Amino acid sequence: MFLDTASIDEINEKLPLGIFKGVTTNPTLLLKEKKERFSHLNTILTSDVELLFVQVIGETVEELKRDYAKIRSIQTDKKIAIKVSMNTTGLKFVKAIKQRYPEQLVLG
């Protein structure tokens, strides 16, 4: 089971229950926190989370690739899994990324 939130308070409260494999976020959940996205992702990664799902954002394949590169540049020993909207642009992005990084879409 995954905890579906970007609230650090909720993460710190519920992860110790031991029933969650990780945390999954999305752009809407991150916006609710009213903090800069990457700063907040780094805050989440300082918690006890072992696996964090992060959705790439962008309107074009190139924008998704740039966002993916930013996510890949996060320095952490935790695992980051990439979420992608499965529309035409998202599918083209997945194809491009799998060609470049065939070994994984989970970072860490």
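Our subject is the structure listed above.
Computed from a prediction, not measured in an experiment: that's the story for all the values here.

**Student:** Please clarify how a nonpolar patch on the surface should be interpreted in this entry.
**Tutor:** A cluster of nonpolar residues, Met1, Leu17 and Ile19, forms a patch on the protein surface that exposes about 340 Å² of accessible area. For methionine 1, the location among the structural elements is in the segment before strand 1 (2-4).

**Student:** So what exactly am I meant to see when it comes to unusual backbone geometry here?
**Tutor:** Generally, phi is negative for residues other than glycine and the peptide bonds are trans, each holding for most cases. Backbone geometry at lysine 34 places phi at a positive 55°, although glycine is not the residue there. Along the chain, lysine 34 turns up in the loop between helix 2 (27-32) and helix 3 (37-45). Since its relative accessible area comes to 77%, lysine 34 is described here as exposed.

**Student:** In this structure, what is going on with the environment of arginine 37? I would like to understand it.
**Tutor:** Examined against the element boundaries, arginine 37 turns out to sit in helix 3. The class for arginine 37 is buried, based on a relative accessible area of 15%. It is 8.6 Å that separates the C-alpha atoms of arginine 37 and proline 27, two residues lying ten residues apart in sequence. Beyond its immediate sequence surroundings of up to four residues, arginine 37 is in contact with Leu30, Val54, Gln55, Val56, Ile57, Asp67 and Ile71.

Rules behind the numbers
Residues numbered from 1 in each chain as written. Predicted model: local features only at pLDDT ≥ 70, side-chain atom pairs only at ≥ 80, totals over all residues. Heavy atoms only, no water. Patch = residues over 30% accessible without salt bridge, like charges linked within 9 Å, V, L, I, M, F, W, Y side chains within 5 Å. Areas by Shrake-Rupley, 256 points an atom, 1.4 Å probe, with all protein chains shown as cover. Salt bridge = Lys/Arg side-chain N within 4 Å of Asp/Glu carboxyl O. Helix = DSSP H or I, 4+ residues; strand = E, 2+ residues; numbered from the N terminus. Buried < 20%, exposed > 50% of the residue type's maximum accessible area, 1.4 Å probe, protein only. Contact = heavy atoms within 4.5 Å.

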